[in-house]
Amino acid sequence: MTDAALIDRPASTVAAENAACVHCGSPTAPGRRFCCAGCSAAYETIQRLGLGRYYRQRLLDPTARAPRPEPPAARYDLRRHVVARSDGTCELALAVDGLQCGACVWLIESVLARDAAVLAGRVNMTTRRLRLVWRGAAAEAERLVELVEALGYRLVPFDPAALAMAEDRTGRELVRALGIAGFAAGNVMLLSIGEWAGLMQDMGPATRDLLHWVTALLALPAVALAGQPFFASAFAALRHGRTNMDVPISLGVTLVTGISLVDTFGGGTHTYYESALMLLFFLLVGRLLDHRARGRVRAAAEQLLMLRTADVAVQSPDGTNVRRPPEQVAPGDRVLVAMGERIGVDGIVEKGESPLDTSLVTGESLPMTVQPGTAVYAGMLNLGGALVVCARATGPRTVLAECVRLIEAAEARRGRFVVLADRVARAYVPVVHVAALGTFIFWLLLGGDTLGQALLIASAVLIVTCPCAIALAVPAVQVIASSRLFGKGVLLKSPTALERLAEVDTVVFDKTGTLTEPLLALETTPDVDQPTLKLAAGLAVASRHPLARALAAAYGPVPATDSVTEHAGAGLSCATPGGELRLGSRGFCGLPPAAAATDGETAAAEPELWLTQPGRQPVQFHFVERPRADAARVIAELRRMRLAVQVLSGDRAASVMPLATALGIPDWQAACSPVDKVTALNALAASGKRVLMVGDGLNDGPALAAASVSASPSTAADISQTMADLVFQGGKLWPVVQALVTARRARSVIRQNLTLSLAYNALTVPLAIAGLITPWLAAAAMSASSLLVIGNSLRLRRTGADR
Amino acid sequence: MIVILYLLLASLALGGGGLALFLWSLRSGQYDDLDGAAQRILFDDDEPHGRRAGEPD
């Protein structure tokens, strides 16, 4: 199936990928080196500073924001965040957006190091933060930040006090516990080898007891410290009247240590401290790897929250502007929104007319033009001229914040999902411990054994049932499945996503940007001939408007026309000896409004551009949404897997129906608001369906959270990538199928693993209860079962999970 | 057999020293940016860090 997926790739995508901006790597008009003037300037700066190595050594990360410099805009009051220190230096903590790889870190640090004022500029790549220390006035901050922003990164100041909170405390605790467990396990193991060797020879009881005491002294504090993560989690579960996998682990470790301690006091032959410590050590390694894998995603989410809190410019009655955080804006305040700025409040436009990119809020791919009287919402991006907005709702009351709240509520509901391992633990733990207790009582009372002997047999039962194999059954499979999917461009973000994915029986797609290509395509009409298209494309490459980019891409490589002027939100013009050329909206090209255009709905339905040339008929360019190249194949495959497929779109029925029909999806719903989508998903859940939601806009965010599992393409809005359980890369939908197939295979391997370890228990526990297994034999059998489970999990790596 | 005592003490002291060093490195933030540390080594500057603009290259 891999081969088919490769062949499937349309030739046009390959060509488009070749035309990439030298600086930021984003697709650009073919034949041009840079996508915009900002990139060209950044390239020159880097070459001038002699840092050209950057381009050879970097590796662009397709999931990160492209390092494209944005027009300078005073988004933040930096001085509020600067900490002036007593020695005349200033410090500022900033979040960096757009870091791609180590080369970016090197570039930023090198550029800052070449500035005379900077004392320290160090980027933490894991947390994506920059610490900046310089000598001089606090106002210098603006200049230094601009220095880095001109390279294409975005810097957002944040409160260093919040840093303490954001610090990765769990990660540190895990590393500390791992260090302690590793130290103690290693040393206890060495002492134990001496002890075992002595047992085979003629070590006296006094020496043996000494070794036992030394190991006890090492092991007791180590178990107490390194076991903390497990004890805390087990305790929390028990307090809520539940059990999880940490309960048997904690009990096992405590009991093995306790039995060893009894033996140490009683001068017994065997202690098992090393088993307890080794178990802790291996489990901690697994926990830490898991934590690190998800840390990256968590950092991205925190980053997003920081980036969203841009200051807004509030107009005072006397006409001056003050920058304030959005939560300090009162309803009724006049907020100035400059070009390229995101609106920070909900409100009504008072002055100005400009196109807005509303994709973050409504998911609509085309800009919406607003004029005085139009309602606008926080999160919309101003593409054109300056606007004055009268604030109606701010901060927590904005629609954007409402969306985030919906998402949080849905997340909390989903948090109740119980992973398979914990469900097994719930049944397993009581049975095992009752069995061990029963064995102990039986041998003590009925068997007529001494206390020590009964204890030894009971401990063999506990060791033989040690949850190692069961504890490994699920994580081993998950690690292998995740790395497999990662290699195929699917990033699993939630630890339980695989299990939820395997249970899915319904797949719900968003339309715009998910089933369709993120970019619009030019519709071929008879009145657009090649020379006209070439002329229009030559104009269009000058603009970054989505329609202009679609137009330029439709022709292919074309030299840019000289001296093109962009009129924000209207179009492009170019003076030629024969007269003026214009490319843009109907009104901009001097055409009478179309009859249908009075109805706003229909006007928006047909994205169009007009081209006027002196002495020629105006030419109209129509644009259509094109389904992703493999959408039909994916839908067919999902049906073959006996999954129900639905479309929930925020778009109008007129554009949803043709696409749904073409892809063979009878079940579709159009004009859904975010709340409608959540309602629809909740209805599906109530009827017992397990839904996989695939979507990409902010308006899909709540739906993504409400579904039992969710996926987003890497081209999606940041917020939906943050919400989704898995993010897939590339221009295809096929990874969705791959993820589903892998999840199903992983589930069957997990079941095999659990069956294996339960079968092992069924075999050995009766023997242990009968007193036929000594503790060290139990330890060997336990290791063998763990190896068996790991070996079985590794099969997942080799078999064709593509099918 | 008193030599066992010496050996025990010596090995525990060495191991404990290692643990103390590890805990110190953890506390001083050396594990805070593992990604960065892994990548930094690839960008070893020919010129020393902290060079000021205007100095000869």
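See the structure above.
Attention here is on the structure that accompanies the text. (Residues numbered from 1 in each chain as written. Chains lettered and ligands numbered in written order. Predicted model: local features only at pLDDT ≥ 70, side-chain atom pairs only at ≥ 80, totals over all residues. Heavy atoms only, no water.)

Observations regarding the pairing of strand 7 (residues 321-324) of chain A
All names here are of chain A. Selection criterion: Being paired, for any two strands, means DSSP has found at least two bridges between them. Segments assigned H or I by DSSP are reported as helices when at least four residues long, segments assigned E as strands when at least two residues long, and all are numbered from the N terminus.
Relative to strand 7, strand 6 (residues 312-315) is paired through 4 bridges, and the arrangement is antiparallel. Paired with Val312 across the two strands is Arg324, which belongs to strand 7. Where strand 6 folds back onto strand 7 in an antiparallel hairpin, the turn is made up of 5 residues, including Gly319, whose phi is positive at roughly 95°.

Digging into the sheet that holds strand 16 (residues 506-509) of chain A
All names here are of chain A. Where we set the bar: Only heavy atoms matter for contacts: two residues are in contact if any of them lie within 4.5 Å across the pair. Here the axes come from fitting lines to C-alpha atoms, over the contacting stretch only for helices, and the angles between their N-to-C directions go from 0 to 180 degrees.
Reading across the sheet, the 7 strands line up as 15-27-26-25-16-23-24 and stay open at both edges, with mixed pairing between neighbours. Both edges of this open sheet fall to strand 15 (490-492) and strand 24 (668-669), since each of them pairs with a single strand only. Examined bridge by bridge, strand 15 and strand 27 (residues 726-728) share 3 bridges and lie antiparallel to one another. The residue of strand 27 that forms the bridge with Leu492 is Leu726. Contacts from helix 25 (residues 674-686) reach strand 16, strand 23 (644-648), strand 24 and strand 25 (691-694), with the element oriented near 160° to strand 23.

Quick look at the nonpolar core
Residues and elements named next belong to chain A. Worth spelling out the cut-off: As used here, the term nonpolar core means buried Ala, Val, Leu, Ile, Met, Phe, Trp, Tyr and Cys residues forming a set that is joined through side-chain atoms within 4.5 Å. Buried means the residue's accessible area, taken with a 1.4 Å probe over protein chains only, is under 20% of the maximum for its type, while exposed means over 50%, and partly exposed covers the values in between.
Leu501, Phe509, Leu515, Leu638, Leu692 and Leu740 are the most contacted members of the largest nonpolar core, which totals 60 residues. Not counting chain neighbours up to four residues away, the residues in contact with Leu515 comprise Phe509, Asp510, Pro627, Arg628, Ala631, Ile635, Val647, Leu659, Leu663, Ile665 and Leu733. Of all hydrophobic cores here, the second largest spans 41 residues; its members include Cys39, Leu78, Cys104 and Val123.

A short note on the interface of chain A and chain B
Operational definition: By definition, the buried area sums, over both parts, the 1.4 Å-probe accessible area that each loses when the two are put together. Within this document, salt bridges are pairs made up of a side-chain nitrogen of Lys or Arg and a carboxyl oxygen of Asp or Glu, the two lying within 4 Å of each other. Distance and chemistry together define a polar contact, namely a pair of N or O atoms within 3.5 Å, with one atom able to donate a hydrogen and the other to accept it when in protein, and with adjacent residues in sequence counting only for side-chain atoms on both sides. Each residue gets one of three labels, nonpolar for Ala, Val, Leu, Ile, Met, Phe, Trp, Tyr, Cys and Pro, charged for Asp, Glu, Lys and Arg, and polar for the others, Gly among them.
On the chain B side, the residues contacting the 34 residues of chain A number 31 residues. Roughly 2700 Å² of surface becomes buried between chain A and chain B when both sides are summed, with 58% attributable to carbon and sulfur atoms. Looking at the side of chain A facing chain B, the largest losses of area belong to Arg114, Arg172 and Phe183 of chain A, adding up to 19% of the total buried there. Where chain A packs against chain B, one counts 1 salt bridge. Glu109 of chain A is paired through a salt bridge with Arg40 of chain B; the nearest N and O atoms lie 2.7 Å apart. Inspection of the chain A/chain B interface yields 3 residue pairs in polar contact (both at pLDDT 80 or more). Elements with a minimum of two residues in the side of chain A that touches chain B: helix 4 (53-57), helix 5 (102-113), strand 3 (118-124), helix 8 (169-200), helix 9 (205-226) and helix 12 (273-308) of chain A. Sort the elements by how many residues they give to the side of chain A that touches chain B and helix 8 of chain A lands first, with 8 residues. Considered class by class, the residues forming the side of chain A that touches chain B number 17 nonpolar, 8 polar and 9 charged.

Things to note about the sheet that holds strand 18 (residues 564-567) of chain A
Strand order in the open sheet formed by 6 strands is 17-22-21-20-19-18 (chain A), and the pairing between neighbours is antiparallel. Strand pairing shows two members of the sheet lacking a second neighbour, strand 17 (521-522) and strand 18 of chain A, which therefore form its edges.

Some remarks on unusual backbone geometry
All names here are of chain A. The residue Arg642 is not glycine, and still its phi comes out positive at about 60°. Its place among the elements puts Arg642 in the loop between helix 23 (631-640) and strand 23. With phi around 55°, Ala671 is a residue other than glycine that occupies positive phi space. Secondary-structure assignment places Ala671 in the loop between strand 24 and helix 25. By relative accessible area, which is 53% here, Ala671 ends up exposed.

A look at the packing of aromatic side chains
Residues and elements named next belong to chain A. Put simply, the rule is: In this analysis, rings of Phe, Tyr and Trp, with Trp reduced to its six-membered ring, are considered paired at centre separations within 6.5 Å, and the interplanar angle assigns stacked below 30 degrees, edge-to-face beyond 60, and tilted for intermediate values. For a ring to carry a charge above it, either NZ of a lysine or CZ of an arginine must fall within 6 Å of the ring centroid while also lying within 35 degrees of the normal to the ring plane.
Inspection of every chain in the model, using the stated rule, returns 6 aromatic pairs over all chains. Summarising the aromatic geometry, the rings of Phe34 and Tyr43 are spaced 5.3 Å apart at their centres and angled 55° between planes, so their arrangement reads as tilted. Counting every residue linked through ring pairs, the aromatic cluster contains Phe34, Tyr43, Tyr54 and Tyr55. Taking NZ or CZ as reference, Arg633 lies 4.2 Å from the ring centre of Trp734, over its face.

Concerning the packing of helix 8 of chain A against helix 1 (residues 2-27) of chain B
A pair of packed helices is captured by two measures, namely the crossing angle of their axes and the spacing between those axes. Which entries qualify depends on this criterion: We call two directions roughly parallel when the angle between them is under 35 degrees, roughly antiparallel when it is over 145, roughly perpendicular when it lies between 65 and 115, and oblique otherwise.
It is the contact of helix 8 of chain A with helix 1 of chain B, at a shortest axis distance of 10 Å, that shows an interaxial angle of 170°. Regarding the angle of helix 8 of chain A to helix 1 of chain B, the classification is roughly antiparallel. Each of Arg172, Val175, Arg176, Gly179, Ile180, Phe183, Asn187 and Leu191 of chain A in helix 8 of chain A lies in contact with helix 1 of chain B, whose residues at this interface are Leu8, Ser11, Gly15, Gly16, Leu19, Phe22, Leu23, Leu26 and Arg27 of chain B. Here the residues of the contact of helix 8 of chain A with helix 1 of chain B sort into 9 nonpolar, 5 polar and 3 charged.

A few points about the pattern of salt bridges
Close approach of charged atoms allows side chains of opposite charge to pair. Residues and elements named next belong to chain A. This structure, assessed with the given rule, holds 12 salt bridges over all chains. Across the pair Asp209 and Arg208 runs a salt bridge, and its minimum N-O distance is 3.8 Å. Take Asp209: its relative accessible area is 23%, and that puts it in the partly exposed class. One salt bridge in this structure joins Arg500 and Asp725, with 3.1 Å as the shortest N-O distance. Taken together, the positions of Arg500 in helix 18 (residues 497-502) and Asp725 in the loop between helix 27 (718-723) and strand 27 put the pair 225 residues apart, joining distant regions of the chain. Look at the salt bridges and you will find they share partners, linking Arg85, Glu91 and Arg131 into a network.

Digging into the environment of Arg628 of chain A
All names here are of chain A. Position of Arg628 among the secondary structure elements: in the loop between strand 22 (619-624) and helix 23. The buried category is assigned to Arg628, whose relative accessible area is 3%. Separated by 2.7 Å, the side chain of Arg628 and the backbone oxygen of Thr514 make a polar contact.

Quick word on the packing of helix 9 of chain A against helix 11 (residues 246-266) of chain A
All names here are of chain A. What counts, and what does not: Crossing handedness: left-handed means the near helix sits turned counterclockwise from the far one by under a right angle, and right-handed means the same turn made clockwise.
Following both chains from N to C, one finds helix 9 and helix 11 inclined at 155°, their axes separated by 11 Å at the closest point. In terms of orientation, helix 9 and helix 11 fall into the roughly antiparallel class. For helix 9 against helix 11, the interelement crossing comes out left-handed. Within the contact between the two elements, helix 9 uses His212, Trp213, Ala216, Leu220 and Val223 and helix 11 uses Val253, Thr257, Leu261, Thr264 and Phe265. Residues of the contact of helix 9 with helix 11, tallied by class, amount to 7 nonpolar, 3 polar and no charged.

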